[in-house]
Amino acid sequence: MKRSRVLAVLVGGVFCVAVMTLYRMLELMQGAELPHHRETPAGQVEEDLSRLQQKIDRLEHLLSDNNRLVATLRDSLVRRKASWQTGGGGSNGSSDSTHSQVDTLPGCRLAEEMKDGTDGVQLLDVYDLLAFDNPDGGAWKQGFEILYHGNEWDEQPLELFLVPHSHNDPGWLKTFDSYYQDQTRHILNNMLIKLTEDHRRKMIWAEISYFSKWWNDIDEQKREMVKRLVGAGQLELVTGGWVMADEANSHYFALLDQLIEGHQWIQKHLGVKPSSGWAVDPFGHSPSMTYLLKGAGLRNMVIQRVHYAVKKHFARQQTLEFLWQQSWDSSAHSDITCHMMPFYSYDVPHTCGPNPAVCCQFDFHRLPGGRVFCPWRTPPQPITEQNVQERALLLLDQYRQKSRLFRSPVLLVPLGDDFRYVESSEWDAQFSNYQKLFDYFDQHPELHIKARFGTLSDYFEALHRRLSTAGTTLPTLRGDFFTYADRDDHYWSGYFTSRPFYKRLDRTLEATLRATEILFSLTLAEMRRFHGNGRLVAGFPAREHFQRLTAGRRSLALFQHHDAVTGTARDPVVVDYGTRLFRSILNLRQVLQSSAHWLLLLDKSLYHHDQSKPFLQMDDVITAQDSLPQKTSLALSSEPRSLIVFNPTEQLQTSIISVIVDSPDVRVVDAETGRPMAAQISAVWAEPSRASTEAFQLSFLAQLPPLSLVVYHVTKASAGSTHRARYTFHRRGNLPTVHTEHFQVSRPQGPEADSPMSLSNKHFQIWSSPDTGLLQKLRLQSGLVHQVQVQFLWYGTRIGANRERSGAYLFLPGEEGAQPYSTSEPPLVRISRGPIFSDITSCFRHFTHTVRLYHLDGHAGRSLEISNMVDIRSEVNRELVMRLVSDVANGNRFYTDLNGFQMQQRRTLEKLPLQANFYPMSSAAFLQDSASRVSLLSAQSQAAASLRPGELEVVLDRRLQQDDNRGLGQGVTDNKLTASLYHLLLEDRRGGAQEVGGASVEHLSLLAHLTSLSLSQPPITMVAPSDSQLPKLRPFRPLHSSLPCDIHLLNLRTLEDAQEAGSPSQEVALILHRKGFDCSSAPEPLPLCTWSAHEEVNLDDLFSPLQFRSVRRSGLTLLHDDDEPASARQQQPPRITHLRPMEISAYRVELD
Ligand SMILES: [Zn+2]
């Protein structure tokens, strides 16, 4: 009742503001315009009229903004009323009322509109069409014979751009620094000399991590030379990311962040912005990347590693160049022009034309006497007057054949390879020999070819010119390019899981970085406001912290490289990456701790910064790059000990906070209100059946406002006053001796021991096997019982001589497929029951598996938490998978996410080998039929597959003794104790006539989005010292309310000061992502956040009471060139902006 009245008042208020604005405008017009008229009755009537017209236009604009606002408010009012009628927060809503809710679920209409509805090529259909039979294509082994008459270019000559490039991996066989010392710096030094020698020479460069390092090493004179080369179009920075990112395992936060880091660097030092993308080595390609590139202002891109059968099909159809569209976007808004390289590789033998034996002869780095040679046995020859004609015609034949695969007579021919152009002689060999060939072409117009060195932009400009002259447009394409195969049945699905320990560490850093960015930006804004003069607090190390943030951004960025997060680098390089991630987490924690310290102090004058003795500490420690975080034990007494919890999400979170304490009797209160928190004490298991007598796990229920820091007081309580978990132990055969001093333990015997174990909360009930403790079935509140079995299985690899086997990149399982996990010793099963959570833990030899349900009323209690602790170090050539077997009739269709940004339909195809049916899953997967959907949300990347209807499996770890012949030269045997974390969500759906398994575009449900958010951005717990003389702390709550459920604050990232290098500026990048969500399931219970059917959002309302001094919409990498023009800017509140479902929007803001 109270809340609806507030809303009504709000609606009224907005209406009043609108009327008053109108009145003021009219007044202004009368006051300012009429006297003016009297003074100039004749000459300026027209001008005045147009001015008046402008004012009316503005007025109209204002009115419509106000109308929209009112509509938005009315919407949320209606919805709140509805939710009130169906039982307040909705937790008791019957299924009937929630079904009627679905019909009017606002926002659905918007999300539904994005589905399907465009023509063009859908890659899923191409997969259905292709035979994948891999016939021998002759010279072009994976292709076909290309024919031409020779007169095709008579009217329009072949226009060729030879694009010199050097692929520099930021770590692979050597570390980033070693490559830089040994190769990269020489390449760039020589680039400067060799390009300056002849203005016709060109070069492209992609990796800004290397480029910026080199920039720091060169003097001002050389920097000027670089700028001249860039200005003259001889040197082009392509993509402009920190690295050439992996597109399978990377999360879109990190993909965008590394792009921002690179683009900001380029703009600052070179004053340009990249326009073309270059991704020749990532092992498969994702449309999420193209979305980010387009949003960052790029217009074109090149990709290379695509399944050979798809390449061949596209080559036949002449669709190797296309407009790559987002599946969910039927407008041209997100299109980007994409060029797919037709052949096997980006090296010279596979780029000049279809025949590598011929093309290799035009890699002049392989001239006889050098270190590299042509494996096709015909070496290159230096171009001389004697052989130039014969050589030129031989090469022209390749160019012409390649040209026949494209619709325009413009041809892109890359010239380079990994770490090329190190020595000055290589530059001379390539540039002088090719110049001779080009000169020969120039002297023979009858050949109808114009060839020159070029950059990507040179090529794409010519392409667009030719296309528009011819009046042709490129075909559109939707979908992604996973799973990549480069030859035979060699599918690159192994790297979706390789080195899972680091794939998880990657996300830990990502979450830490995002939380730190946001808290740091809020702290600076608060400090500026606190003083009132815009200055920061003396003693707060803003500059040092900003540098820690920058280093953290760059560590995360570096790890997105396609040999880093992929798990495909050599062991010492993996350690180097791990060390960078680990150090960055520690450094970012310092920033978090000292920002929180200042924000929490009631008396700010008590702030002091001492790096060696921080006021706040994390509640856990990470001791090394290869170890998991360990919770520290808090010593309790009757004096309250302060716990500080930061909620890094934009939503009010009901979270369970767990810390380790030294007493089983604990009391937790909200420090501000003194209200006691519901709490539970659980055992800390030193061994599966031995509980620690010194350490106890305290778990309490915390209500955390969005982006808030909340203070709790923990004290030692009287004996027996805290709820303790009760334990039940099971094991077939001999039950172990259980050691617990402080907990009640039972051991069921007789028939009780044979019946399924069961746990339940308000939302569902689960049953697990009495033998293994593994989940068997689940009943929802609606009464529907679903089979959802958890199984564990092993994959082995192929056996026999000369058989290629699984390695870091490839998954090549044995013919027998997955074998059930079995051990001679039955697992120990431990059930815990408590008021906060209950769980079942199964202790197997190679893993410990826990399913936990939380006794929470709200949506946070709707999902089942699954965690695994895996250790397969004793195994040889084995991969462990966790499989869910459900009764969902999804046919052969399932969905995995692409980079956490969007869901992609997958079709399991029998014509493909087993390993081809595995896909990357970075945060989510689901199966559905018309009645239900099973979603698995994950906190880390891994491979996923649905090999039979109803099944969904994820690969947990892989240990492989051999190299898989992709250049790495080793297996993956550096396995560690590895954690993985999931939430399983089962939702009833309202079906209707739908395609079996789902449409080509589907989204996560609202509940799945919220669950995924709390999984990927968990609360961060800090502890204050145990000292009774502590200064008083008060909570920090920057927002009045949660953001709408579907709007995600992706980042609030302080930008670097333009004048003072290495210092924070007042400008912050505000990055919002409005998610698309599924409408077939009602979010039950209703989440506390709201959502709206409107695209218009008022930023001032969204972040109230935070104030924006300025807001400028910009491109996704915040380049000044991409800022909206001043004329379009809204200088005064309300700041209405458009957020379309699925879209990411970036703003350059100043917080007041
Ligand atoms: Zn590479």
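In the block above lies the structure referred to throughout.
Note that this is a predicted model, so its numbers are computed, not measured.

Participant: Mind laying out the packing of aromatic side chains, listing which residues take part and the relevant values?
Facilitator: In this structure the tally under the stated criterion is 58 aromatic pairs. Here the aromatic rings of Phe-283 and Tyr-809 are separated by 5.4 Å at their centres, their planes lie at 70°, and the arrangement is edge-to-face. You can see Phe-283 sitting in the loop between β5 (276-279) and α10 (287-295) and its partner Tyr-809 sitting in the loop between β29 (785-795) and β30 (819-820), a full 526 residues away along the chain. For Phe-283, a relative accessible area of 2% translates into the label buried. For Tyr-809, a relative accessible area of 2% corresponds to the buried category.

Participant: Describe the sheet that holds strand β17 (residues 633-634), and please don't skip the residues or the numbers.
Facilitator: Reading across from one edge, β17-β19-β22-β21 is the order of the four strands in this open sheet, with mixed pairing throughout. Edge positions in the sheet fall to β17 and β21 (679-687), since each has one partner strand and no second. Two strands pair when backbone bridges link them, and β17 and strand β19 (residues 653-661) are joined in this way by two bridges, in the parallel orientation. Its bridge partner being in β19, Leu-634 is matched across the sheet by Val-661.

Participant: Give me the lowdown on the state of the cysteines, citing residues and values where you can.
Facilitator: Under the counting rule described, the total for this entry stands at three disulfides. With a sulfur-sulfur separation of 2.0 Å, Cys-352 is cross-linked through a disulfide to Cys-359. Because the torsion about its S-S bond is -90°, the bridge between Cys-352 and Cys-359 counts as left-handed. Assessed through its relative accessible area of 2%, Cys-352 is described here as buried. Look at Cys-359 and you get buried, because its relative accessible area is 0%. For Cys-1045, the disulfide goes to Cys-1089, at an S-S distance of 2.1 Å. On the sign convention where negative means left-handed, the S-S torsion of about 110° between Cys-1045 and Cys-1089 marks this disulfide as right-handed. Separated by 44 residues along the polypeptide, Cys-1045 in the loop between β44 (1020-1023) and β45 (1047-1056) and Cys-1089 in the loop between β46 (1064-1074) and β47 (1096-1098) bring together distant segments of the chain. Neither Cys-1045 nor Cys-1089 differs from the other in exposure class; each is buried.

Participant: Go over the coordination of the zinc ion, please, and point to the residues and values.
Facilitator: The zinc ion binds to the protein through His-167 (NE2), Asp-169 (OD), Asp-281 (OD) and His-562 (NE2); the donor distances cover 2.0 to 2.1 Å. Here the zinc ion is ringed by four donor atoms whose angles at the metal span 89 to 164°, and the overall shape comes out irregular. Spacing between the donor residues of the zinc ion along the chain follows H-x1-D-x111-D-x280-H. Here Asp-281 is found in the loop between β5 and α10, whereas its partner His-562 is found in the loop between α17 (542-559) and α18 (571-600), with 281 residues between them in sequence. Across this residue pair, the class does not change: Asp-281 and His-562 are buried.

Participant: Tell me about the pattern of salt bridges, and please be specific about residues and values.
Facilitator: This model, assessed by the stated rule, comprises 67 salt bridges. The partner of Asp-1122 in a salt bridge is Lys-273, with the nearest N and O atoms 2.4 Å apart. Here Asp-1122 is found in the loop between β48 (1108-1114) and β49 (1136-1138), whereas its partner Lys-273 is found in the loop between α9 (252-270) and β5, with 849 residues between them in sequence. The salt bridge partner of Arg-852 is Asp-839, with a shortest N-O separation of 2.9 Å. Residue Arg-852 is located in strand β33 (residues 847-854), and its partner Asp-839 is located in strand β32 (residues 837-843); the two are separated by 13 residues in the primary sequence. A relative accessible area of 16% means that Arg-852 is categorised as buried. For Asp-839, a relative accessible area of 6% translates into the label buried. Through salt bridges with shared partners, one network takes in Glu-159, Arg-452, Arg-465 and Arg-466.

Participant: Can you break down the sheet that holds strand β6 (residues 300-303) residue by residue, with the values?
Facilitator: An order of β1-β11-β7-β8-β6-β5 is seen for the six strands of this open sheet, with the pairing classed as mixed. Two strands bound the open sheet, and with one partner strand each, they are β1 (121-122) and β5. As defined by bridge partners, β6 adjoins strand β8 (residues 336-340) across four bridges and the pair is classed as parallel. Within β8, the residue paired with Asn-300 across the bridge is Thr-337.

Participant: Go over unusual backbone geometry, please, and point to the residues and values.
Facilitator: Following Phe-482, the chain continues to Thr-483 via a peptide bond in cis, the omega torsion being 5°. Within the secondary structure, Thr-483 is located in the loop between β11 (476-478) and β12 (485-487). Cis geometry is found at the peptide bond from Ser-1104 to Pro-1105, where omega equals 10°. Considering the arrangement of structural elements, one finds Pro-1105 in the loop between α21 (1099-1102) and β48.

Participant: Can you explain the side chain of Glu-517? Please cite residues and give values.
Facilitator: Tracing the chain through its elements places Glu-517 in helix α16 (residues 500-531). Owing to a relative accessible area of 0%, Glu-517 belongs among the buried residues under this scheme. Not counting chain neighbours up to four residues away, the residues in contact with Glu-517 comprise Leu-549, Arg-553, Asn-1051, Leu-1052, Arg-1053 and Thr-1054.

Participant: Account for α10, with residues named and values stated.
Facilitator: One turn of an α-helix holds 3.6 residues; hence residues three or four places apart share an orientation. Counting buried positions over the nine residues of α10 gives seven, a clear majority of the element. Every buried residue of α10 is listed here: Pro-287, Ser-288, Met-289, Thr-290, Tyr-291, Leu-292 and Leu-293. For α10, the N-terminal capping position is held by Ser-286, with its side-chain oxygen 3.0 Å away from the main-chain nitrogen of Ser-288. A positive phi of about 95° marks Gly-297, the residue just after α10.

Participant: Describe in detail the packing of α9 against α16, supporting the description with residues and values.
Facilitator: Between α9 and α16, whose axes approach to 10 Å, the crossing angle comes to 65°. Note on packing geometry: the crossing formed by α9 with α16 is left-handed. Residues Phe-253, Ala-254 and Asp-257 of α9 form the contact with α16, whose own contacting residues are Glu-510, Leu-513 and Arg-514. The class makeup of the residues in the contact of α9 with α16 is three nonpolar, no polar and three charged.

Participant: Residue-level account of the environment of Ala-538, with values.
Facilitator: Assignment of secondary structure puts Ala-538 in the loop between α16 and α17. Separated by 11 residues in sequence, Ala-538 and Met-527 place their C-alpha atoms 9.9 Å apart.

Participant: Go over the nonpolar core with me, naming the residues and quoting the values.
Facilitator: In this structure, Phe-211, Tyr-399, Tyr-434, Phe-481, Leu-1072 and Phe-1103 are the most contacted members of the largest nonpolar core, which totals 263 residues. Ranked by size, the runner-up nonpolar core spans 31 residues in total, among them Phe-696, Phe-729, Phe-743 and Val-1023.

Participant: Which residues make up helix α20 (residues 1006-1016), and what are the values?
Facilitator: Counting buried positions along α20 yields nine of 11 residues, so the element is predominantly enclosed. Where α20 is concerned, the buried positions are Leu-1006, Leu-1007, Ala-1008, His-1009, Leu-1010, Thr-1011, Ser-1012, Leu-1013 and Leu-1015. Those residues of α20 hidden inside the fold are in contact with β19, β40 (932-938), β43 (978-988) and β45.

Participant: Outline the environment of Leu-581, supporting the account with residue identities and numerical values.
Facilitator: When you line up the elements, Leu-581 lands in helix α18. Accessibility expressed as a relative area gives 0% for Leu-581, which makes it buried. In sequence terms Leu-581 and Leu-558 are 23 residues apart; their C-alpha atoms lie 9.5 Å from each other. Excluding anything up to four places from it in sequence, Leu-581 contacts Leu-505, Asp-506, Leu-509, Ser-555 and Phe-559.

Participant: Run through the environment of Asn-734, naming residues and quoting values.
Facilitator: With respect to the helices and strands, the residue Asn-734 is situated in the loop between β24 (726-730) and β25 (745-746). For Asn-734, a relative accessible area of 52% puts it in the exposed group. A sequence separation of 92 residues divides Asn-734 from Pro-826, and the C-alpha atoms of the two residues are 9.3 Å apart.

Participant: Which residues make up the side chain of Arg-959, and what values do they have?
Facilitator: Counting through the fold element by element, Arg-959 comes out in strand β42 (residues 951-959). Among the polar contacts listed, one links the side chain of Arg-959 to the backbone oxygen of Glu-875, at a separation of 2.9 Å. Setting aside anything within four residues of it in sequence, one finds Arg-959 in contact with Ile-872, Arg-873, Glu-875, Val-876, Asn-877, Arg-878, Val-972, Thr-973 and Asn-975.

Participant: Describe the pairing of strand β20 (residues 666-670), and please don't skip the residues or the numbers.
Facilitator: Across the five residues that make up β20, a large majority, four, are buried. Examined bridge by bridge, β20 and strand β23 (residues 709-716) share five bridges and lie antiparallel to one another. Residue Arg-667 lies in a different strand from β23, and its bridge partner there is Thr-715.

What counts as what
- Residues numbered from 1 in each chain as written.
- Predicted model: local features only at pLDDT ≥ 70, side-chain atom pairs only at ≥ 80, totals over all residues.
- Heavy atoms only, no water.
- Phe/Tyr/Trp six-rings, centres within 6.5 Å; stacked < 30°, edge-to-face > 60°.
- Helix = DSSP H or I, 4+ residues; strand = E, 2+ residues; numbered from the N terminus.
- Buried < 20%, exposed > 50% of the residue type's maximum accessible area, 1.4 Å probe, protein only.
- Pairing = 2+ DSSP bridges.
- Disulfide = S-S within 2.5 Å.
- Donors = N, O, S within 2.8 Å, 3.2 Å for Na, K, Ca; no water.
- Tetrahedral: all angles 85-135°; square planar, octahedral: opposite > 155°, others 65-115°.
- Salt bridge = Lys/Arg side-chain N within 4 Å of Asp/Glu carboxyl O.
- Contact = heavy atoms within 4.5 Å.
- Polar contact = N/O pair within 3.5 Å; in protein donor to acceptor, adjacent residues only side chain to side chain.
- Axes fitted to C-alpha atoms, helices over the stretch in contact; angles between N-to-C directions.
- Left-handed = near helix turned anticlockwise from the far one by under 90°.
- Nonpolar A, V, L, I, M, F, W, Y, C, P; charged D, E, K, R; others polar.
- Core = buried A, V, L, I, M, F, W, Y, C linked by side-chain atoms within 4.5 Å.

These figures come from the coordinates and say nothing about function on their own.
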